[in-house]
Amino acid sequence: MNVTQDKVFLNTDSAAKSEAVSLVSESELLLNVQGTATAFSMQVMGANIAPEVADASGTALAVINMTDFSVTDTITKQGLYAVALDGVQRVWLLLDGVSGGNVIAYGRMGG
């Protein structure tokens, strides 16, 4: 993958919404989820709208757990995840239900 953007989406110990990233030609997101939280729920959200539209509800994108290759729309444990971004113009993370520590989510986008 040719990396064109990288970002620390989240580094928090409470529920949060990350800043949205505007995509140009990126077709893939590799997301590294780390931290000390004992439980959390996180979704990768995407929208096919112009970047200047501030209030987008978005859609939860499918994520592939790169350890066991399971597919889901909700991340509940630390690990490396891959997300297809074809047709998506903006991407962000929604973190909910954090307990027992923090969650750090670092992403690299490219194609």
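What this report covers is the structure whose coordinates are included nearby. Here the residue numbering is sequential within each chain, running from 1 through the sequence in written order. Reporting in this predicted model follows two pLDDT cut-offs: at least 70 for local features of residues, and 80 or more for side-chain atom pairs to be given and counted; totals over whole chains, interfaces and linings ignore these cut-offs and use all residues. Processing note: side-chain calculations cover all non-hydrogen atoms of the structure and skip hydrogens and water entirely.

### Focus: the overall build of the chain
Then, number 1: Helices and strands together make up the secondary structure of the chain, namely zero helices and 11 strands.
Then, number 2: Helix and strand assignments follow DSSP, with helices taken as H or I runs no shorter than four residues and strands as E runs no shorter than two, numbered in order from the N terminus. In the chain, the succession of helices and strands from N to C terminus is β-β-β-β-β-β-β-β-β-β-β.
Then, number 3: The globule rule used here is 2.2 Å times the number of residues to the 0.38 power, and the radius of gyration it is set against is calculated over C-alpha atoms. Taken over the C-alpha trace, the chain has a radius of gyration of 13 Å; the compact-globule value for 111 residues is 13 Å, and the two agree within 12%.
Then, number 4: C-alpha extents for the chain along the principal axes are approximately 35 × 30 × 20 Å.

### Here we look at the side chain of asparagine 65
Then, number 1: Residue position: asparagine 65 is located in strand β7 (residues 63-65).
Then, number 2: Nitrogen and oxygen atoms within 3.5 Å of one another constitute a polar contact, given that in protein one can donate a hydrogen and the other can accept it, and given that sequence-neighbouring residues count only through two side-chain atoms. There is a polar contact of 2.7 Å between the side chain of asparagine 65 and the backbone nitrogen of threonine 67.
Then, number 3: Apart from the residues lying within four places of it in its own chain, the contact partners of asparagine 65 are Ser70, Lys77, Leu80 and Tyr81. Whether two residues are in contact is decided by their heavy atoms: any pair within 4.5 Å suffices.

### Details of the sheet that holds strand β9 (residues 79-84)
Then, number 1: Taking strand neighbours across the sheet as the criterion, the six strands line up as β1-β11-β4-β9-β7-β8 in an open arrangement whose pairing is antiparallel. Each edge of the open sheet carries a strand with a single partner, namely β1 (3-12) and β8 (71-72).
Then, number 2: Note on pairing: two strands pair once DSSP finds at least 2 bridges between them. Bridge count between β7 and β9: two bridges; the pairing is antiparallel. Of the residues in β9, the one forming a bridge with isoleucine 64 is alanine 82.

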